[in-house]
Amino acid sequence: MSGRTIPPGANPLAAPGTGKALSLALILAAQVAAMSVWFSSSAAIAGIKQHYTIGASQEALLTTAVQIGFVAGTIVSALLSLADRFDPRRLFALCAAIAAVATGCLIFLPPTGGAVILLRFLTGVCMAGVYPVGMRMAATWANRDLGLLIGLLVGALTLGSASPHLLAATGDVEWRAIYGVASASALAAAVLIGFVKLGPNIRRASAVDMSKIAQSWRRTSLRRVNLGYLGHMWELYAMWAWLPVFLHQSFVDRGMENSDAKAAWLTFAAVAVGAVGSWFGGMLADRRGRTFVTITAMAASGTCAALIGWLYAAPLAVLIPVAIIWGITVIADSAQFSASIAELAEPSSVGTLLTAQTCAGFLLTMASIHLVPEVRDLFGWPGAFTMLAIGPFAGCIAMWRLRRDPEARLLAGGRR
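Attention in this report is confined to the structure presented alongside it. (Residues numbered from 1 in each chain as written. Predicted model: local features only at pLDDT ≥ 70, side-chain atom pairs only at ≥ 80, totals over all residues. Heavy atoms only, no water.)

1. Digging into the nonpolar core
Across soluble globular proteins, you tend to see nonpolar side chains buried next to one another.
1) Next: The biggest cluster of nonpolar side chains holds 112 residues, and the ones touching the most others in it are F92, Y237 and W240.
2) Next: No other element matches the 18 residues that helix α17 (residues 350–403) contributes to this core.
3) Next: Setting aside residues no more than four positions away along its own chain, F92 makes contact with A30, Q31, A34, G129, V130, V133, G134, M137, A189 and I193.
4) Next: Judged by nonpolar contacts, the second largest core, of 12 residues, contains I48, I54, L119 and I178. (Core = buried A, V, L, I, M, F, W, Y, C linked by side-chain atoms within 4.5 Å. Buried < 20%, exposed > 50% of the residue type's maximum accessible area, 1.4 Å probe, protein only. Helix = DSSP H or I, 4+ residues; strand = E, 2+ residues; numbered from the N terminus. Contact = heavy atoms within 4.5 Å.)

2. Brief notes about the state of the cysteines
1) Next: Applying the stated criterion across every chain yields a total of zero disulfides.
2) Next: C95 supplies the cysteine sulfur nearest to C126, a cysteine that is in no disulfide, at a spacing of 5.3 Å.
3) Next: Judged by its relative accessible area of 4%, C126 falls in the buried class. (Disulfide = S-S within 2.5 Å.)

3. Here we look at helix α9 (residues 175–192)
1) Next: Here α9 is 18 residues long and its end C-alpha atoms lie 26 Å apart, about the 26 Å a rise of 1.5 Å per residue gives.
2) Next: For α9, the complete set of buried residues consists of W175, I178, Y179, A182, S183, A186, A189 and A190. Along the axis of α9, the buried residues cluster in a sector spanning 130°; they form a single face. (Expected span 1.5 Å × (residues − 1). Arc of directions from axis to C-beta.)

4. Remarks on a nonpolar patch on the surface
1) Next: Together, I75, V76, L79 and L80 give the surface a local cluster of nonpolar side chains, amounting to about 300 Å² of exposed area.
2) Next: Relative to the helices and strands, L80 is located in helix α3 (residues 56–80).
3) Next: The exposure class of L80 is partly exposed, given its relative accessible area of 38%. (Patch = residues over 30% accessible without salt bridge, like charges linked within 9 Å, V, L, I, M, F, W, Y side chains within 5 Å. Areas by Shrake-Rupley, 256 points an atom, 1.4 Å probe, with all protein chains shown as cover. Salt bridge = Lys/Arg side-chain N within 4 Å of Asp/Glu carboxyl O.)

Encoded structure:
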């Protein structure tokens, strides 16, 4: 059953007094601000290395601790149906505020050690109340534009994830300043979300229902969506985590001046441009179909992943365009997996199933993020990034099978 309940002729964006445009703008702004804490360590790592010795495994743990925390948070949220049982605005605000405090504490601690990892874990737990909950709120306003709405939200996530790299690229910024700005941004998000109105598609669950989570695998159409999403996630966060390291090493080996700043600028550009890809992918999916966009985007991003490792020493005129195209295509399809869940699921289960989907996806990212340096040590960057291409290529198969599923008629108004 589709999660959209607004009559076909209604247009809440144009209807006076609904507050759709303002509410969506506030959700997007809050999402950008809150997500800045996620990759703050990735942006700060270059500055940290100037003063501290940190190994590859410790470096990866600063990012994967957030992923682990996010998985733990989404498991609890999905089991208790938090996103469907409680006001999502209050859940978002509470989680963003706690994440702000946890990130702010990093300013006063040495950048490595158990306390830092614990705080990054806590930040990840809180992000489980931000990212899927933001999608849940956006979906309440959907009316034939669900792909675009969630695409805009994922674009906001992308900009938020890229923003610490922009701060790192602007000059010799001290690593504590990166954490400080990210903390302040998350706190601002907690305030902003309080001004959001929920749309007419909101449905509250009255009690915990464990059977909702089982739908994610038991129901064939939902299973295929989730398998496609897993293929997408195998690549996405490992790309975001390791592209800055790849570019930094490449620029240093080329003997480039200000290699740290230049690598940070290109990383920011490659990640941030994904916001445009997410927006365009959402718009295209509403017109051409969810499976069309996901298959096309994963085929393109998988090809970039298989190529870019071989371009380590290639002319920048070749390397830069591939990095930018990868940044666009790696995220262009992301929102459509969530939109598909929202359209296929029962309205009162949407929040729980979105949370369960993101939980499984981020659990998988922990493996791919940690495997990249291991494979790189054995086979170099070409082998490491080619390994990431396996995910989107497998995801293409899952979404092609969904395209042929009778329930795919529920997607994007029958556009599949």
